[in-house]
2 protein chains.
Amino acid sequence: MLKVCKFGGSSLANAEEFKKVKAILLSDPSRRYVVVSAPGKSEAKDNKVTDLLYLTYQHLKYHVDYHEIFDSIKKRYLKIEKDLQIPSALEKEFALIESKLNDASISEEELVSRGEYLSAKLLSAYLGVDFVDSASLIHFTYDGKVDEKATLLSIAEAVKAHERFVMPGFYGSYPNGKIALFSRGGSDISGSYLAKGAKADLYENWTDVSGFYMADPKIIKDPRKIKEISYDELRELSYMGANVIHEETILPLQDEEIPLEILNTNHPEEGGTLIKKATPDKTHLITGITGKKGFIALTFVKAKGVGKLQAILAVLHVFEHYDIPVEHIPTSIDSFSVVVEKAKAEERYYDLIADLKKLPEVLSLSEDDDIALLAVVGRNMVKKTGTSGRILSVFGEKKINIKLIDQGREEINIIVGVSNADFVGAVNALYDAFSGEKI
Amino acid sequence: MLKVCKFGGSSLANAEEFKKVKAILLSDPSRRYVVVSAPGKSEAKDNKVTDLLYLTYQHLKYHVDYHEIFDSIKKRYLKIEKDLQIPSALEKEFALIESKLNDASISEEELVSRGEYLSAKLLSAYLGVDFVDSASLIHFTYDGKVDEKATLLSIAEAVKAHERFVMPGFYGSYPNGKIALFSRGGSDISGSYLAKGAKADLYENWTDVSGFYMADPKIIKDPRKIKEISYDELRELSYMGANVIHEETILPLQDEEIPLEILNTNHPEEGGTLIKKATPDKTHLITGITGKKGFIALTFVKAKGVGKLQAILAVLHVFEHYDIPVEHIPTSIDSFSVVVEKAKAEERYYDLIADLKKLPEVLSLSEDDDIALLAVVGRNMVKKTGTSGRILSVFGEKKINIKLIDQGREEINIIVGVSNADFVGAVNALYDAFSGEKI
């Protein structure tokens with residue numbers, strides 16, 4: 001049995017958390033390889049080290065004195081080091097970073113990656129196990145993608161060379177050795193590659209919640225916990241806003257069918273959510289209710305004499321040109337809508353609209369920028385005829401207007417668009433209607 | 001007041017029908033311009049003249065003796081001529097066609113167009129009004145589209161020159177004078193152009209049903225008649241299978257907001273369905289329930305590392321390449337489906353699938369060729385919150401499994417995909433649930 005463990009920022013926020021991490025690792029000798037995030041918030045007024053590092057870089061870039069902010073980062077690490085009575089390991093690391101800051105020779109990626117780097121240095125010293133730099137394990141191509149073959153090979157070699165090690169999350173390196181970053185929250189993905197490369201039996205992702213809940217605990221009081229979930233369901237839930245782990249976490253795990261468990265560093269005894277390929281059939285009808293506010297629907301009426309397919313292609317090429325991801329394409333006879341996330345379109349919105357209006361394939365264009373998308377996810381939904389109807393009836397009973405519906409063939413979800421103002425009410429109504437129902 | 005009247009094939013199937021047409025035209029002097037189809041079936045075992053003309057051309061093409069079949073066509077016209085005691089008008093027309101058949105110098109388009117041509121010749125002689133050949137009025141470009149500007153100009157001139165006339169439907173001419181055809185049922189469109197070019201106040205489309213019904217009378221016994229309907233609703237109903245008129249009929253009418261009335265030659269007293277831009281608000285919740293069997297859904301899972309938009313574009317380009325119209329694109333997170341009409345894909349299906357499977361943007365492809373699409377259409381649906389949910393609940397109550405749902409923003413319809421075997425049951429269930437409900 002081999003387990004890879006990833007600890008999130010809140011699990012490394014202070015010395016108390018480091019102690020919990022150590023206890024968790026000592027309690028099970030199969031937990032041999034560890035990935036860490038940078039220290040996160042230990043209480044609400046705290047800052048995440050990664051945010052402070054980005055801010056430091058902004059100071060450097062605009063030639064504003066960065067010392068005060070960088071010192072606050074340094075103090076945080078040194079306090080943990082002191083509280084844990086670790087023999088000084090970080091002093092010379094900080095000296096190196098400070099000299100690079102001083103002559104502005106550090107890249108943003110490298111500076112930001114130091115959060116995880118120092119975190120891993122601290123934990124490896126505290127545990128007395130090897131440190132392995134992820135710059136030598138996770139290989140990126142120049143277009144920012146992981147070179148999976150090279151990465152898995154490096155990890156397999158490191159695993160052969162070290163019985164145990166701690167590795168920083170969030171980054172790797174380009175072929176020229178420079179630091180490359182995943183997107184925010186990407187330490188989860190570092191852990192997935194480590195689990196895959198090490199051929200782990202389980203990837204434990206330790207965080208500050210005891211797994212996934214059927215709905216967002218910020219919206220629903222004390223929602224039901226999801227004990228087991230399939231890869232597909234997790235993808236749907238994460239993508240649509242259940243922000244427990246990075247939405248791409250399971251991609252590297254799926255080929256080898258490595259299960260992923262979400263666990264709580266503060267309450268290991270509570271157990272968590274186990275994510276695997278197949279899950280038992282006899283369980284709840286609805287696995288989860290999630291969603292996000294802030295979508296825009298652009299509705300196009302095709303020009304006369306133009307095929308609908310030609311019009312759709314012309315429109316989608318404009319979105320491709322502006323590199324704006326398209327979420328849904330509800331289609332009617334002469335018209336179709338394109339639904340995009342507002343935040344992903346905003347920067348180039350006016351150019352986008354101007355270009356779309358110029359298309360000869362389009363007769364008219366209308367906009368609705370008040371759309372929240374709800375996803376009701378459940379692999380058992382298809383087994384019970386009438387579930388879609390019952391889900392949509394809930395909106396009717398609560399007088400919530402439906403702006404769009406998308407349910408594909410044999411899908412495990414149904415997507416419903418409502419006004420942003422109706423979002424919380426809709427989640428509540430759906431939870432009330434379906435939380436207890438078993439199949 | 002100026003009315004353009006189009007009479008369909010069943011209204012010209014025999015002498016009795018011609019008499020009804022004459023009575024209708026004489027009863028209202030504003031009915032000045034008339035478009036006719038070729039004689040259709042007067043009873044079930046009858047043939048449509050147009051079908052027989054296509055068959056004659058096949059005989060000619062494969063050098064099989066065509067005389068018997070062509071003579072049956074000739075007999076039909078001559079019997080009507082004789083029954084109506086019209087002074088011989090067709091003998092020399094037939095002589096001309098037969099000489100062209102004899103030396104095989106007639107094109108398929110020209111031969112087929114003679115159905116409407118002879119029908120119009122007969123009716124103009126019977127009414128004693130001018131005949132105008134649509135070859136000189138309806139102008140096609142070489143890519144098979146109507147040159148609207150030239151067409152409207154020619155019609156305006158003809159209207160100036162003739163107080164009344166009868167014109168054949170279904171065809172026009174290319175710039176070189178050769179005969180060009182609309183798609184089957186295209187006489188409806190000929191009438192629309194005539195109404196537009198003549199600046200008519202109303203376009204009456206006379207057929208063998210007293211307008212549109214809320215559902216197909218072949219499925220629902222004695223369904224409720226739709227008295228008024230908007231252009232948009234009609235488009236949706238026609239497109240999805242309510243085959244009363246050609247789905248493109250209203251396109252030329254919309255700009256000038258010319259209303260269209262569907263009327264029954266056999267029962268003018270019953271009134272029909274009036275189609276116009278805006279219709280009164282206080283009416284039924286659901287305007288119509290329609291749909292078609294025979295769709296295929298191809299579901300694609302995008303390849304890892306490829307954007308969903310890129311995958312959708314790659315897939316849609318293949319459909320474009322094979323010129324297969326795409327009806328719906330239900331989208332999920334990593335996957336999306338493309339729904340097409342089976343009949344429109346069948347011929348090139350294996351090549352299509354082979355090309356789609358080659359796409360590097362696609363990880364996997366699955367097919368479901370057992371899909372019927374139902375459309376519930378109603379401009380008032382958006383006004384009553386909860387309608388979508390109630391519609392879908394009907395499927396649940398009847399244990400009909402929903403394969404896909406598509407409802408766009410501010411749409412006047414909701415599209416639901418079910419098994420072909422569930423189609424009739426679903427139409428019945430929806431009709432029972434909604435036929436009486438007013439808003």
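Conventions used here
- Residues numbered from 1 in each chain as written.
- Chains lettered and ligands numbered in written order.
- Predicted model: local features only at pLDDT ≥ 70, side-chain atom pairs only at ≥ 80, totals over all residues.
- Heavy atoms only, no water.
- Helix = DSSP H or I, 4+ residues; strand = E, 2+ residues; numbered from the N terminus.
- Rg over C-alpha atoms; globule rule 2.2 N^0.38 Å.
- Contact = heavy atoms within 4.5 Å.
- Areas by Shrake-Rupley, 256 points an atom, 1.4 Å probe, with all protein chains shown as cover.
- Buried < 20%, exposed > 50% of the residue type's maximum accessible area, 1.4 Å probe, protein only.
- Pairing = 2+ DSSP bridges.
- Right-handed = clockwise from strand over helix to strand, strands pointing away.
- Axes fitted to C-alpha atoms, helices over the stretch in contact; angles between N-to-C directions.
- Phe/Tyr/Trp six-rings, centres within 6.5 Å; stacked < 30°, edge-to-face > 60°.
- Buried area = accessible area lost by both parts, 1.4 Å probe.
- Salt bridge = Lys/Arg side-chain N within 4 Å of Asp/Glu carboxyl O.
- Polar contact = N/O pair within 3.5 Å; in protein donor to acceptor, adjacent residues only side chain to side chain.
- Nonpolar A, V, L, I, M, F, W, Y, C, P; charged D, E, K, R; others polar.
- Core = buried A, V, L, I, M, F, W, Y, C linked by side-chain atoms within 4.5 Å.
- pLDDT = per-residue confidence, 0-100.
- Least-squares fit on C-alpha atoms with pLDDT ≥ 70 in both.
- Expected span 1.5 Å × (residues − 1).
- Arc of directions from axis to C-beta.

Enquirer: What's the story with the overall build of chain A in this structure? I'm lost.
Expert: Helix and strand counts for chain A come out as 14 helices and 15 strands. Against the globule reference of 22 Å for 439 residues, chain A gives a C-alpha radius of gyration of 24 Å, in line with a compact fold. Projecting the C-alpha coordinates of chain A onto the three principal axes gives extents of approximately 75 × 55 × 40 Å. Restricting to contacts in chain A with at least 6 residues of sequence separation, those with at least 24 account for 74%. When the accessible surface of chain A is summed, it comes to about 18,100 Å², and 50% of that surface belongs to carbon and sulfur atoms.

Enquirer: Looking at this structure, I do not really get the pairing of strand β1 (residues 3-7) of chain B. What am I missing?
Expert: Taken residue by residue, a regular strand's side chains alternate between the two faces of the sheet. Residue and element names in this part refer to chain B. The buried count for β1 comes to five of five residues, which makes it a mostly enclosed element. With burial as the criterion, each face of β1 is covered, one bearing Lys3, Cys5 and Phe7 and the other bearing Val4 and Lys6. Here β1 pairs with strand β7 (residues 202-207) via five bridges, running parallel. By the bridge assignment for β7, Lys3 is matched with Leu202. Alignment of β1 against strand β2 (residues 31-36), held across five bridges, turns out to be parallel. Bridge pairing in β2 links Lys6 to Val35. Crossover connection from β1 via helix α1 (residues 15-26) to parallel β2: handedness right-handed.

Enquirer: Where do I start with unusual backbone geometry in this structure?
Expert: The phi torsion of most residues other than glycine is negative, and most of the peptide bonds are trans. Residue and element names in this part refer to chain A. For Ala104, which is not glycine, the phi torsion reads 50° and is therefore positive. When you line up the elements, Ala104 lands in the loop between α4 (91-102) and α5 (108-127). You can call Ala104 exposed: its relative accessible area is 52%.

Enquirer: Honestly, the sheet that holds β1(B) in this entry has me stumped. Any pointers?
Expert: All names here are of chain B. One open sheet accounts for eight strands, arranged β3-β4-β2-β1-β7-β9-β10-β8; its pairing is mixed. Edge positions in the open sheet fall to β3 (130-131) and β8 (228-230), since each of these has one partner strand only. In the packing of α1 onto the sheet, contacts are made with β1, β2 and β7, and the angle to β1 comes to roughly 170°. Contacts between helix α5 (residues 108-127) and the sheet are confined to β2, β3 and β4 (165-168), with β4 contributing the most and set at about 165° to the helix.

Enquirer: What exactly am I supposed to notice about the packing of aromatic side chains here?
Expert: Residue and element names in this part refer to chain B. Applying the stated criterion across every chain, the model contains 22 aromatic pairs over all chains. Relative to Phe94, the ring of Phe70 has its centre 5.9 Å away and its plane inclined at 70°; by these criteria the two rings are edge-to-face. Remark: Phe94 occurs in helix α4 (residues 91-102) and Phe70 occurs in helix α3 (residues 67-83); sequence separation between them is 24 residues. We classify Phe70 as buried; its relative accessible area is 2%. For Phe94, a relative accessible area of 0% corresponds to the buried category. Here Tyr349 and Tyr350 contribute two aromatic rings whose centre-to-centre distance is 5.8 Å and whose plane-to-plane angle is 80°, an arrangement assigned as edge-to-face. The buried category is assigned to Tyr349, whose relative accessible area is 10%. Under the relative-accessibility criterion, Tyr350 is labelled exposed at 69%.

Enquirer: Would you take a moment to explain the environment of A:Phe18 for this structure?
Expert: Residue and element names in this part refer to chain A. On the secondary structure map, Phe18 appears in helix α1 (residues 15-26). On the basis of relative accessibility, which here comes to 0%, the residue Phe18 falls in the buried class. In this structure, the C-alpha to C-alpha distance between Phe18 and Tyr126, residues 108 residues apart in sequence, is 8.5 Å. Sequence-distant contacts of Phe18, defined by excluding residues within four places in its chain, comprise Ser11, Leu12, Ile80, Leu84, Ser119, Leu122, Leu123 and Tyr126.

Enquirer: What am I meant to see in the sheet that holds strand β7 (residues 202-207) of chain A here?
Expert: Remark on secondary structure: sheet strands pair via backbone hydrogen bonds, oriented parallel or antiparallel. Residue and element names in this part refer to chain A. If you trace the eight strands from one edge of the open sheet to the other, you get β3-β4-β2-β1-β7-β9-β10-β8, paired in mixed fashion. Only two strands of the sheet have a single partner each, and these edge strands are β3 (130-131) and β8 (228-230). Across the sheet, helix α7 (residues 187-197) lies against β1 (3-7), β2 (31-36), β4 (165-168) and β7, angled at about 150° from β2, the strand it touches most.

Enquirer: How should I be thinking about the interface of chain A and chain B in this particular structure?
Expert: By convention, interface size is frequently given as the accessible area that disappears when the constituent parts associate. Tallying the contact residues gives 61 residues for chain A and 61 residues for chain B. Interface of chain A and chain B: buried area, both sides summed, is about 4,700 Å²; carbon and sulfur atoms make up 53% of it. The interface formed by chain A and chain B contains two salt bridges. A salt bridge links A:Glu327 to B:Lys308; the nearest nitrogen and oxygen atoms lie 3.9 Å apart. The interface formed by chain A and chain B holds 16 residue pairs in polar contact (both at pLDDT 80 or more) in total. Contributing elements (two or more residues each) for the side of chain A that touches chain B: α8 (231-239), β11 (288-302), α10 (308-321), β12 (335-341), β13 (362-377), α13 (387-397), β14 (404-407) and β15 (413-418) of chain A. Sorting elements by how many residues they give to the side of chain A that touches chain B places α10(A) first, with nine residues. Looking at side-chain class alone, the side of chain A that touches chain B contains 22 nonpolar, 20 polar and 19 charged residues. Sheet analysis places β14(A) next to strand β14 (residues 404-407) of chain B, joined by three bridges and oriented antiparallel. Counterpart to A:Ile405 in the pairing with β14(B) is B:Gln407.

Enquirer: Just checking my understanding: could you explain helix α7 (residues 187-197) of chain B for this structure?
Expert: Residue and element names in this part refer to chain B. Where burial is concerned, most of α7 is hidden: 11 out of the 11 residues are buried. The set of residues buried in α7 consists of Ser187, Asp188, Ile189, Ser190, Gly191, Ser192, Tyr193, Leu194, Ala195, Lys196 and Gly197. One or two positions beyond α7, positive phi appears at Lys199, with a value near 50°.

Enquirer: How should I be thinking about the pairing of β13(A) in this particular structure?
Expert: Residues and elements named next belong to chain A. Judged from the 12 bridges that link them, β11 and β13 form a sheet pairing that is antiparallel. Directly across from Thr290, in β13, lies its bridge partner Ala375. Sheet topology note: the β13/β15 ladder contains six bridges and is antiparallel. Bridging across to β15, Leu374 finds its partner in Val416.

Enquirer: I tried to follow the nonpolar core on my own but got confused; where do I start?
Expert: Across soluble globular proteins, nonpolar side chains have a tendency to be buried as a group. All names here are of chain A. Among the nonpolar cores identified, the biggest contains 92 residues, and Phe7, Phe70, Tyr77, Phe165, Leu260 and Ile275 are the most heavily contacted of them. In terms of residue count, α5 provides more of this core than any other element does, eight residues in total. Discounting chain neighbours no more than four positions away, the residues touching Phe165 are Arg32, Tyr33, Val34, Val129, Asp130, Val132, Leu137, Ala158, Val159 and Leu194.

Enquirer: When you look at the confidence of the model for chain A in this model, what are you seeing that I'm missing?
Expert: Low-pLDDT stretches of the model should not have their predicted coordinates read in fine detail. Confidence in the prediction for chain A averages 91 pLDDT; 98% of positions are at 70 or higher. Both scores are given for the predicted complex: the pTM is 0.76, the ipTM 0.74.

Enquirer: What is the right way to look at the relation of the copies chain A and chain B in this model?
Expert: One copy of the chain maps onto the other through a rotation about an axis followed by a shift along the same axis. Mapping chain A onto chain B calls for a rotation angle of 180° and an axial translation of 0.1 Å; the resulting RMSD is 0.1 Å. One copy is carried onto the other by what is essentially a two-fold rotation axis.

Enquirer: Got a minute to help me understand helix α2 (residues 49-61) of chain A in this structure?
Expert: Since the α-helix packs 3.6 residues into each turn, any two residues three or four apart lie on the same face. All names here are of chain A. Between its terminal C-alpha atoms α2 stretches 18 Å, which fits the 18 Å expected from 13 residues at 1.5 Å a residue. Taken together, the buried positions of α2 are occupied by Val49, Thr50, Leu52, Leu53, Thr56, Tyr57 and Leu60. Within α2, the buried residues cover an arc of 160° as seen down the axis, which keeps them to one side. Packing partners of the buried residues in α2 comprise α3 (67-83), α4 and α5. Taken from the residues just after α2, His63 is the one with a positive phi, measuring 55°.

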